[in-house]
Amino acid sequence: MASSVEIVSPYLFRYKGYNFAHGETTPEYIDSLQDFEIRDSDVFLVTYPKSGTVWTQQIITLLYEGEVEEVAHRAGLTYSNNLERMPWLEYREGRSDYSLRPSPRLFCSHLTPTLLPRGLREGKGKVVYVMRNPKDVAVSYYHFSQAWSKLETPHSFQDFLDKYLEGKVGGSSWFDHVRAWYSSRGLFHILFLTYEEMVQDLHGAVQKLCSFLGRQLDSASLDRVVDRATFCNMKADPRANYEFLPADLLLREHGHFLRKGTTGDWKNSFTVAQSESFDSVFQERMRGLPLEFIWDINKQPE
Ligand code: A3P
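Let me begin by describing the structure that accompanies this report. Remember, predicted model here, so these are calculated numbers, not experimental data.

If you check the shell around the ligand, you find 18 residues, and the closest are K50, T53, S140, R259 and K260. In this structure, S51 approaches the ligand through a main-chain N or O atom, which is 3.1 Å from an oxygen atom. Interatomic distance of 3.2 Å between a side-chain N/O atom of W55 and a nitrogen atom of the ligand. In isolation the ligand has 570 Å² of accessible area, and contact with the protein removes 98% of it.

In structure tokens, the structure reads:
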């Protein structure tokens, strides 16, 4: 490995300021992404982990349903789930060369702006960046760390919280991720969405995505997308719920991608002291960023 690789833990390595899980990608592959050619029709969904990625992935793949399958079919490809329809750019293991995929191409990524292909920073393609309040992200990530075999199982919520605040988790620091994306927004053709606005008004969020992506859906088709993106329907949808993953990767007895799907669940895990100490780190690390988050609605998924 190149000398700029730092081993953070038995589970993580750090490359170019970002923590990757061992065995999921390589520095050489990450470097090669700089020259990955971007087409104007490409769509990238970018998130910090546990911010609503698979949810937005379900919406975007539904907005392109039919078209993506048809071009794939013509190229001799068959997609049976959302991961195949809209794969992670930084993890290519076992998948065909992304540069050969027919347009429109849909990708997910957890990367920071500078690690993504330079074409995106030149304004080609479209980026949808979804953010979620960082306390709910922490709780979701804590639970997910127990179910995802490539991540370290935390000893306790406090143990996880310490590492999360220090950025010693996969995807590095939530604060750095959000700051980097917000600060470089001018370079990209980008739409910012929040998990909380999706919880509060899924229909409105789907409409926003439609207009940003230039998808023209009549109102019945739009309603069908919204219906298929609700928590309950997605949890039962084998193309979307990630239960198709191998049992040694997603340890189902310890958790699932679709867990609670609410806003404000952090209150069930944070103590008052943890919350206060988190708030002071938040104030400090978010200084100068005009971003506001919704922390305390607790609407149940439909
Ligand atoms: P919780 O663990 O708080 O329930 P990611 O896809 O980025 O890994 O994010 C996972 C989080 O998104 C989980 O949060 C999951 O339940 C939530 N989620 C996934 N689909 C959802 C949906 N249709 N509605 C609401 N939340 C959803």
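The next point concerns the sheet that holds strand 7 (residues 190-194). As summarised here, the arrangement of the four strands in space is 5-4-6-7, forming an open sheet in which the pairing is parallel. Looking at which strands have only one partner, the edges of the open sheet turn out to be strand 5 (106-109) and strand 7. Going from strand to strand, the sheet's axes swing by 20 degrees on average, the running direction of each strand aside. Summarising the sheet, strand 6 (residues 126-131) and strand 7 pair through five bridges and their orientation is parallel. Bridging from a neighbouring strand, V128 pairs with L191 of strand 7. Lying over the sheet, helix 2 (residues 53-63) contacts strand 4 (43-47), strand 5 and strand 6, oriented at roughly 165 degrees with respect to strand 4. Its contacts with the sheet put helix 8 (residues 174-183) on strand 4, strand 6 and strand 7, and the angle it makes with strand 6 is roughly 140 degrees.

In a pair of packed helices, the angle between the axes and the distance between the axes together describe the arrangement. Look at helix 7 (residues 157-166) against helix 13 (residues 272-285): their axes get within 12 Å of each other, and the N-to-C directions meet at 5 degrees. Classified by the angle between their axes, helix 7 and helix 13 sit roughly parallel to one another. In this structure, helix 7 contributes F157, Q158, L161, Y164 and L165 to the contact, and helix 13 contributes Q274, F278, V281 and R285. Of the residues in the contact of helix 7 with helix 13, the class split is six nonpolar, two polar and one charged.

P104 follows S103 through a cis peptide bond whose omega is 0 degrees. The topology assignment puts P104 in the loop between helix 4 (82-85) and strand 5. Despite not being glycine, K16 has its phi angle at roughly 50 degrees, a positive value. With a phi close to 65 degrees, Y242 is a non-glycine residue in the positive phi region. The residue Y242 is located in the loop between helix 12 (231-235) and helix 13 in this model. Looking at Y242, the relative accessible area reads 2%, which means it is buried.

Rules behind the numbers
Residue positions are given per chain, counted from 1 along the sequence in the order it is written. Per-residue local features are limited, in this predicted model, to residues with pLDDT of at least 70; the limit for side-chain atom pairs, both in listing and counting, is 80 or more; totals at the level of whole chains, interfaces and linings are taken over all residues. In computing side-chain values, all of the structure's heavy atoms are included and hydrogens and water are not. We call a residue near a molecule or strand when any one of its heavy atoms sits within 4 Å of it. For this analysis, a polar contact is any N or O atom pair within 3.5 Å, provided that within protein one partner can donate a hydrogen and the other can accept it, and provided that sequence-adjacent residues contribute only side-chain to side-chain pairs. Computed by Shrake-Rupley with a 1.4 Å probe, the accessible areas treat only the displayed protein chains as cover when residues are assessed. Two strands form a pair only when DSSP identifies at least two bridges running between them. Put simply, DSSP marks the helices as runs of H or I at least four residues long and the strands as runs of E at least two long, and each gets a number from the N terminus on. To get an axis, a line is fitted to the C-alpha atoms, and for a helix only the part in contact is used. The angle between two axes follows their N-to-C directions and goes from 0 to 180 degrees. The contact rule is simple, with two residues in contact once any of their heavy atoms fall within 4.5 Å. The cut-offs work like this: below 35 degrees is roughly parallel, past 145 is roughly antiparallel, 65 to 115 is roughly perpendicular, and the gaps in between are oblique. Residues were grouped as follows: Ala, Val, Leu, Ile, Met, Phe, Trp, Tyr, Cys and Pro as nonpolar; Asp, Glu, Lys and Arg as charged; and all remaining residues, including Gly, as polar. The buried label goes to any residue with under 20% of its type's maximum accessible area, the exposed label to any with over 50%, and the partly exposed label to all in between, with areas taken from a 1.4 Å probe on protein chains only.

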